[in-house]
Amino acid sequence: DVKVTQSSRYLVKRTGEKVFLECVQDMDHENMFWYRQDPGLGLRLIYFSYDVKMKEKGDIPEGYSVSREKKERFSLILESASTNQTSMYLCASRAGIGTRSSYEQYFGPGTRLTVT
Amino acid sequence: AQSVTQLDSQVPVFEEAPVELRCNYSSSVSVYLFWYVQYPNQGLQLLLKYLSGSTLVKGINGFEAEFNKSQTSFHLRKPSVHISDTAEYFCAVSGRYQGGKLIFGQGTELSVKP
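Peer 1: I tried to follow the interface of chain A and chain B on my own but got confused; where do I start?
Peer 2: A common way to state how big an interface is: give the accessible area lost once the parts meet. Between chain A and chain B, the contact holds 23 residues from the first and 22 residues from the second. When chain A packs against chain B, the two sides together hide about 1,700 Å² of surface, and 55% of this comes from carbon and sulfur. The three residues of chain A that bury the most area against chain B are Leu43, Tyr103 and Phe107 of chain A, which together make up 28% of that side's buried surface. Here chain A is connected to chain B by 0 salt bridges. Of all the secondary structure elements, the ones that give two or more residues to the side of chain A that touches chain B are β4 (31-38), β5 (42-49) and β9 (87-94) of chain A. It is β5 of chain A that contributes the most residues to the side of chain A that touches chain B, 4 residues altogether.

Peer 1: I'm lost on the layout of surface pockets in this one. Help?
Peer 2: Rolled over the atoms, a probe as big as a water molecule pinpoints where empty space is left. Each pocket or cavity is described by its volume, and for the largest pocket that value is around 470 Å³. In terms of lining residues, the largest pocket is bounded by 24 residues, among which Gln37 of chain A together with Gln38, Glu88, Phe90 and Glu109 of chain B are the most central. Elements with a contribution of two residues or more to the lining of the largest pocket: β4 and β9 of chain A together with β10 (87-95) and β12 (108-113) of chain B. When grouped by side-chain class, the residues that make up the lining of the largest pocket number 7 nonpolar, 12 polar and 5 charged. Looking at the second largest pocket, it is lined by 18 residues, and the ones nearest its centre are Phe107 of chain A together with Gly43, Leu44, Gln45 and Leu46 of chain B. In the lining of the second largest pocket, the residues fall into 9 nonpolar, 7 polar and 2 charged.

Rules behind the numbers
Residues numbered from 1 in each chain as written. Chains lettered and ligands numbered in written order. Predicted model: local features only at pLDDT ≥ 70, side-chain atom pairs only at ≥ 80, totals over all residues. Heavy atoms only, no water. Contact = heavy atoms within 4.5 Å. Buried area = accessible area lost by both parts, 1.4 Å probe. Salt bridge = Lys/Arg side-chain N within 4 Å of Asp/Glu carboxyl O. Helix = DSSP H or I, 4+ residues; strand = E, 2+ residues; numbered from the N terminus. 1 Å grid on protein atoms, 1.4 Å probe; cavity = no way out; pocket = protein on both sides within 12 Å on 5 of 7 lines; lining within 4 Å. Points joined across faces, edges and corners; volume = space filled by probe spheres on them. Nonpolar A, V, L, I, M, F, W, Y, C, P; charged D, E, K, R; others polar.

Everything listed here is a matter of geometry and, on its own, says nothing about what the molecule does.
Written as structure tokens, this is what we have:
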């Protein structure tokens with residue numbers, strides 16, 4: 001079974017703090033994704049990565065950055081947290097296109113971040 | 001570009017009744033379609049997917065969905081729901097040859113009452 005883990009389930013940070021959200025997958029997947037989930041808006045893609053050290057902006061990248069130094073780990077960074085970044089953050093991974101891909105994304109349990 | 005509209009934000013239903021959660025999409029290219037479920041305080045889990053072939057797709061927990069290309073719909077159905085089906089359901093679309101990025105609908109909250 002694919003397992004995607006996220007470093008924290010709940011996190012409370014102060015405005016202006018630098019925040020790191022970590023995601024690890026154990027299935028050697030090439031692709032990894034960070035979403036934020038807000039009521040009534042569904043999931044919105046922040047950043048994704050097709051390979052190590054490779055990243056692309058999603059639909060709402062402002063205020064965020066990412067790092068992928070190893071294949072299994074994808075980090076989301078809030079350089080200076082703000083209250084409008086209070087949200088649920090979900091990480092996902094997926095096998096590469098044209099390989100054994102089933103086109104399914106596997107999700108972690110989520111991190112509920114509160115910025116005060 | 002693709003977009004997804006889930007037509008109902010909340011669907012209350014009694015236990016053992018049938019349910020349909022509606023999803024419409026728009027896309028200028030061929031698509032793959034997905035339904036995910038999110039139980040309280042958990043991540044998303046795949047219910048079913050349409051990639052090609054038969055337009056009627058069966059998934060886990062007794063759910064099924066039908067791909068209707070002419071109506072650009074992918075409605076989710078279950079003939080008899082249980083209390084344990086109470087969750088949020090997300091429809092998602094991915095354009096073929098577009099790197100597997102998913103576009104999600106806003107979600108439908110299914111509430112099953114005894």
